[in-house]
Amino acid sequence: FQERAYLIKFRLLELPNAFPASPRQSSHSVFESCRYATIIMVEFMIRGVVLDVPSTVPVLGERLLSAAQGLDLVECFQTRAELLLWIFSLGCIACVGEGKTTFVALLGKAVRLLQTKSWQDARDRLFNYLWIEDILDEQLQLLWAELEQQDLSEVDAAAILPIRQA
């Protein structure tokens, strides 16, 4: 199993740029964000969520954050909010420090837009993408507790991160 998982991870890292000369930077950013979120998922499948040992996960989380900076959040929150819920959830789990803080704020916005009421409701939405409950449910519960402690009612996505707006 691990050999195949590493092969999948390697192939995902080696994918060519899908939009090399695209005038739609946001399309490229959606692709890159999904690619890095998937690589993070594969890494969790191989190793489990073990963030206290040396790992490539924080580096992948930073790459995911970098890719997310190119997203057109206005358009994506209108048309792909559930996809952003998945991307931002994995970003929260993978990142540490300032990167995690950024992803938590963005996740809070996605949760509010989708009117997600519980971590189980969020998990049900995440199953539409790549989500393995045995590996990630505990992390999602911890994230949900963190979200409940924060006042995210008036989060301005543009103020969170210098992400491209329409």
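Residues numbered from 1 in each chain as written. Predicted model: local features only at pLDDT ≥ 70, side-chain atom pairs only at ≥ 80, totals over all residues. Heavy atoms only, no water.

As for the nonpolar core
1) Next: Membership of the largest hydrophobic core comes to 46 residues, with the highest contact counts inside it found for Trp86, Ile87 and Phe88.
2) Next: Among the secondary structure elements, those contributing two or more residues to this core are α2 (25-47), α3 (57-68), α4 (73-79), α5 (81-94), α6 (97-113), α7 (119-126) and α8 (133-149).
3) Next: A per-element tally of this core places α5 first, with eleven residues.
4) Next: Beyond its immediate chain neighbours, meaning those up to four positions away, Ile87 contacts Ser33, Cys34, Ala37 and Leu64. (Core = buried A, V, L, I, M, F, W, Y, C linked by side-chain atoms within 4.5 Å. Buried < 20%, exposed > 50% of the residue type's maximum accessible area, 1.4 Å probe, protein only. Helix = DSSP H or I, 4+ residues; strand = E, 2+ residues; numbered from the N terminus. Contact = heavy atoms within 4.5 Å.)

With respect to the pattern of salt bridges
1) Next: Within this structure, the stated rule accounts for six salt bridges.
2) Next: Between Glu32 and Arg35 there is a salt bridge, and its shortest N-O distance comes to 2.9 Å. Taken together, the residues Glu32 and Arg35, both in helix α2 and three residues apart, mark about one turn of the helix.
3) Next: In this structure, the salt-bridge partner of Asp121 is Arg125, at a minimum N-O distance of 4.0 Å. Taken together, the positions of Asp121 and Arg125, both in helix α7 and four residues apart, correspond to about one turn of that helix. (Salt bridge = Lys/Arg side-chain N within 4 Å of Asp/Glu carboxyl O.)

A closer look at the side chain of Ser33
1) Next: As for its placement among the helices and strands, Ser33 is situated in helix α2.
2) Next: Apart from residues no more than four positions distant in its own chain, Ser33 is found in contact with Leu64, Ala67, Ala68, Leu71 and Ile87.

Some remarks on the confidence of the model for the chain
1) Next: Scored by pLDDT, the chain has a mean of 79; 74% of the residues are at 70 or more.
2) Next: Considering each helix and strand of the chain separately, the mean pLDDT is smallest for helix α9 (residues 157-160), with a value of 51, and largest for α5, with 93. (pLDDT = per-residue confidence, 0-100.)

Observations concerning the state of the cysteines
1) Next: Applying the stated criterion across every chain, the model contains zero disulfides.
2) Next: Counting only cysteine sulfurs, Cys92 is the nearest neighbor of Cys95, a cysteine outside any disulfide, at a range of 8.1 Å. (Disulfide = S-S within 2.5 Å.)

What about α6?
1) Next: Here α6 is 17 residues long and its end C-alpha atoms lie 25 Å apart, about the 24 Å a rise of 1.5 Å per residue gives.
2) Next: Of the positions making up α6, those classed as buried are Gly99, Thr102, Phe103, Val104, Ala105, Leu106, Leu107, Gly108, Lys109, Ala110 and Val111.
3) Next: Phi for Gln115, located one or two positions after α6, is positive at around 55°. (Expected span 1.5 Å × (residues − 1).)

Here we look at the packing of α7 against α8
1) Next: Following both chains from N to C, one finds α7 and α8 inclined at 135°, their axes separated by 10 Å at the closest point. As judged from the angle between their axes, α7 and α8 are oblique. Seen from above, α7 lies across α8 with right-handed handedness. Across from Trp119, Ala122, Arg123 and Leu126 in α7, the residues of α8 making contact are Glu133, Asp137, Leu140, Gln141 and Trp144.
2) Next: Looking at the contact of α7 with α8 residue by residue, the classes come out as five nonpolar, one polar and three charged. (Axes fitted to C-alpha atoms, helices over the stretch in contact; angles between N-to-C directions. Parallel < 35°, antiparallel > 145°, perpendicular 65-115°, else oblique. Left-handed = near helix turned anticlockwise from the far one by under 90°. Nonpolar A, V, L, I, M, F, W, Y, C, P; charged D, E, K, R; others polar.)

Thoughts on unusual backbone geometry
1) Next: If you check the backbone angles, Gln115 has positive phi at about 55° while not being a glycine.
2) Next: Note on placement: Gln115 falls in the loop between α6 and α7.
3) Next: Classification of Gln115 as exposed rests on a relative accessible area of 57%.

Quick look at the environment of Lys109
1) Next: On the secondary structure map, Lys109 appears in helix α6.
2) Next: The class of Lys109 is buried, set by a relative accessible area of 19%.
3) Next: C-alpha of Lys109 to C-alpha of Phe77: the two residues are 32 residues apart in sequence and 8.7 Å apart in space.

Things to note about α8
1) Next: In this model α8 runs 23 Å from its N-terminal to its C-terminal C-alpha over 17 residues, within 8% of the 24 Å that 1.5 Å per residue would give.
2) Next: All buried positions along α8 are accounted for by Leu136, Asp137, Gln139, Leu140, Leu143, Trp144 and Leu147.

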